[in-house]
Every structure is written in structure tokens, then in C-alpha cells.
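Structure at a glance
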Amino acid sequence: MLDESDIQKLLRLKRYEQPSPQYFDKFLQDFHRRQRVELLRQPVWKIAMERIEAFFSEHSMGRYAYATATAMVLFFAGITSFNILNSGSQVVAVTANAPQQSLPIKPQIAKASLPDAQHPRYVIDTRPASYERSFSF
Amino acid sequence: MYAADNTAGNSINETVQSVFKHAQDAIVKIEAVDDRGHLCGTGFFIDPNGTIYTSYSVGGESRDIVVTLGDKKYPATRLIGDPRSGIAILKVETSSPFIPVAKTNDLATATPVLAIGYPVDLPLTPSFGVVGGLDWNYLGQPLVFTHIRARVAVQRGEGGAPLLNLKGEVVGIVTVSLDYGTGCYAFPIEAAEKIRMDYVRFGQVRPGWVGIHVNLTESKNVAPASVVQVDELLDETPAAKGGLKKGDVLIQIGDTKIASPQDVLNASFFLTAGEEVPFIVQRGKETVTLKVQPVIHPDAPRDVATFPPMQDGIPLRMQR
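Keep in mind that this is a model prediction, so the values were computed, not measured.

As a further point, take the sheet that holds strand 10 (residues 162–164) of chain B. All names here are of chain B. Around the barrel, which closes on itself, the 6 strands sit in the order 7-8-9-12-11-10 with antiparallel pairing between neighbours. If you compare each strand with its neighbour and ignore which way they point, the axes differ by 50° on average. Where strand 11 (residues 170–178) meets strand 12 (residues 183–188), 6 bridges bridge the pair, whose relative direction is antiparallel. The residue of strand 12 that forms the bridge with L178 is G183.

Below, the structure written as C-alpha cells:
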């Protein structure tokens, strides 16, 4: 059985057995990494639903308000998708009818494929080439 | 006072414009191809036979070199590409206007100078400034020869441009831009001329090497004009064969009196492999003159290093 002085000696010894400060930093980094990995295991829709639920629960909204808000989000998303699809078909139509040489994309492609002679390297050094290795000759 | 200042201003104005006007016909745009693609730089004629000086980065390793002179383009061949000095010498088969050579010994800090080159895709452009200093090292590392540091703004494309004094003579070749183009280093024309003369005489550059390492002298009992001594001397080198010894204090190499490490760098640059050169040294209390015959410098371009061995010295003949 240890007496009080033995315990004190042991405690003094144990004081030097603490891990280094880097250990705690590493531990924290590792913890955050594991947390992120765990989070990413869930499907995206589930994460989104959790976020939405958390948002509404924080703002203490009622069940009907929650349903109404969800319906409105879906409604606006539908309208936006419809508009995007319509404008895409217009672009296709205009491109098909327009004369080919007036397309703005053509000159860009031509410029990018110019030979290297059009983009020379203008030369001047930034350090002397004429270094001597030492005072040996 | 105002009138005097104004007169001086007009004089500088006229002089700089005159230098630009007289030199511009001898300055060329150089285009070439290297492993990284198409490049552009500047060069200038140094004689009426179409010989061009430029920087090594423009003409040292590139191929398909084309020189634009006025509204005409000429193919150019490379005579010399010398990475040790950072310059290249090209040749165009045409008669050409040229810029006369100055003696850079006359240069001093604050001497006005003018660089003229082709920045990016712009026309020939002058840039005016002064000599900021004559440096023998940069960022703590020795240069192969004392360089002219000019407070002259240069841009990309002006590598190989001539640096002129106000007499219209070339004093250096712009090889390096400093601090985002706010200044530049020019390789002195007298050193470039040594390389050109090597080519004229031997058909190649022949930098000399004698095989010694020098350091600041530690002894106090030496000639006051010398601070450099032989620190290390390799066996079987020209220096050893010529009789130099460790501890010899260098007083003169060839025609160059040694007063500083800078003088040693400059004197060693003018060594030519195979050409005997006198070394005047102080050994104890004696002054000794020794004859040393350098061999090819280990840093010489590869084509020079493969030249017939020079260790024993071969008779030199003018090949022109």
C-alpha cells in the first residue's frame, strides 16, 4: 500500500508523462477530420433535409408554415427551371439561323491556335550569366 | 543662373538626340527560336562586315536567327556563344553601319549613358541614365569581369542592346535587367572585344587558366599596392610550372597592376590559353617576374574544351 509521500512522488513523476503540446493539436485535427468523414457518408439530400429542419426548428415555425415554405420553394424552383430550358432553346435557334462568320466564338478559336511566332518571348536576363565560381583562375 | 541651366539642358537634349540618331541604323532586332519557342532581342553591328554583338540569352543557344535591319530581314549565323561572359557574336552577310567602340576605362560613376533597344513589340527606343557603379560582384558572388551597372531603365526585348556614352561610342552590352527593369548591367565592351579578338585570331574563344586560387593577403610586410596573394596552387598546373608559389603576393598580371580582388578578376579574364603572360609577384622581400603559359579555362564552352590539348602550349598563329 502506498503512503502519502509515495503518492506524491508518483504524481511528481507522472507530471512529466504528459504528451507534448503538438499531441493536442494533432488530436483536434484528427477529431475534425473524422467528423467531416462521418458527415460525408450521408447522402446529400439527407444532409440538406437536416439543415432545413434545423433552420425551421431554430426559428420555431409551425407545421403549416413549414409546409407552405416548402411548397413555395418547389414552385419557384419549377418556374426557374422552365425559364432556363426555354432560353436555351432560343439560343440554339438563333445560332442555327445566324450566318456562320458572325459567330463570336470563331475569332477566339483562331487566336488561340495562332503559331508561336505571334507570341514571342522578349528576352532580357534577370541575373548575370557571367558569375565566376570563385577567385580561382 | 536660369539661362545657364537652360543652355546645359539644351546641350544634353541635343547630344542625346544626336547619339540616338547616329546609332539607330546600326541597331538590329533579332528573332530566333530556341527550346522554349520564339524569342526576340536586340543586337548591334560592331564592324562594317555585318558582325553583331548581342546577349547570350538572345543568340547564344538559339537557332534560325533572323536579323531585321531597316525593313529587310537577314539570316544570321552564330560565331561565338560565350556563357561565361553572357554575350554572343553573330554574323550577317551584308555590309553594315556600325557603332564605334569606346574605352570603358574612361567610365566612372555618374557618367551619362544611353541604351537603345527594341522593347517588346515596340520600335527602337532610347533610354537615358547614368553609370551607377562598376561592380565586380552581385548578390555576394563574383562576376567574371567588372560590369557596368547603369541606372538606365530597360524592358524585355532589350537584352543585347548597346550602352553608349555621349560621344556615341559603345561602352557595354546590356545583358541583365535589375530590379524589375529600373536598371541594368552591361558587359564592358573592352572585355567583349577580347572574346571577338580570340575569334578573329583562333576561330574560337580561348579563355586562359593558370590553376591558382587567390585571397586577401594576411601579411603586413607586403608592397602597399597589393592586397592579393596566392592562397592555393594546384600541382602540374601552368602556375606551378611557371614557378608561382603559395604565399606569393600578386603585384601585376600582364599589363594589369593588382590593387584589389577586382583587378585579379579583370586580369584573369584577359588571359589567353597558350599565350605566355608575365606575373610579377612579391616573394618575401624580393620582387620576382615569372612567365606563365595558361591553358584552356575549365568553364570554357564545350566546343573550346574539345579543342586540341593546350597543356604544353602550342605555337599560336594568326588565322585571319
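On inspection of all chains with the given rule, the structure shows 11 salt bridges over all chains. Its salt-bridge partner being D35(B), residue R63(B) comes within 3.6 Å of it at the nearest N-O pair. Within this pair, whereas R63(B) is found in strand 4 (residues 63–69), its partner D35(B) is found in the loop between strand 1 (27–34) and strand 2 (37–45), the two being separated by 28 residues in sequence. Owing to a relative accessible area of 42%, R63(B) belongs among the partly exposed residues under this scheme. With its nearest N and O atoms 2.1 Å apart, the salt bridge here joins R201(B) to E275(B). Here R201(B) is found in helix 3 (residues 189–202), whereas its partner E275(B) is found in the loop between helix 5 (261–269) and strand 18 (277–283), with 74 residues between them in sequence. Salt bridges sharing common partners tie together D30(A), R33(A) and R34(A).

With that settled, consider the confidence of the model for chain B. Low-pLDDT stretches of the model should not have their predicted coordinates read in fine detail. Residues and elements named next belong to chain B. Per-residue pLDDT for chain B has a mean of 87; in total, 90% of the residues score no lower than 70. Overall, residues 304–320 carries pLDDT values under 50, and its contacts beyond four positions in sequence, including any with other chains, amount to 30 contacts. In the model output, the complex is listed with pTM 0.68 alongside ipTM 0.77.

Residues and elements named next belong to chain B. Extensive coverage of strand 7 (residues 112–117) is indicated by the burial of 5 of its 6 residues. Pairing of strand 7 with strand 10, which is carried by 2 bridges, proceeds in the antiparallel orientation. Within strand 10, the residue paired with L114 across the bridge is L164.

Another point: the nonpolar core. Residue and element names in this part refer to chain B. With 28 residues, the main nonpolar core has I27, F44, Y53, I99, F187, I189 and I195 as its most contacted residues. In terms of residue count, the dominant contributor to this core is helix 3 (4 residues). Counting residues in each nonpolar core, the second largest holds 22 residues, with L265, A267, F279 and V281 among its members.

Calculation rules
- Residues numbered from 1 in each chain as written.
- Chains lettered and ligands numbered in written order.
- Predicted model: local features only at pLDDT ≥ 70, side-chain atom pairs only at ≥ 80, totals over all residues.
- Heavy atoms only, no water.
- Pairing = 2+ DSSP bridges.
- Helix = DSSP H or I, 4+ residues; strand = E, 2+ residues; numbered from the N terminus.
- Axes fitted to C-alpha atoms, helices over the stretch in contact; angles between N-to-C directions.
- Salt bridge = Lys/Arg side-chain N within 4 Å of Asp/Glu carboxyl O.
- Buried < 20%, exposed > 50% of the residue type's maximum accessible area, 1.4 Å probe, protein only.
- pLDDT = per-residue confidence, 0-100.
- Contact = heavy atoms within 4.5 Å.
- Core = buried A, V, L, I, M, F, W, Y, C linked by side-chain atoms within 4.5 Å.

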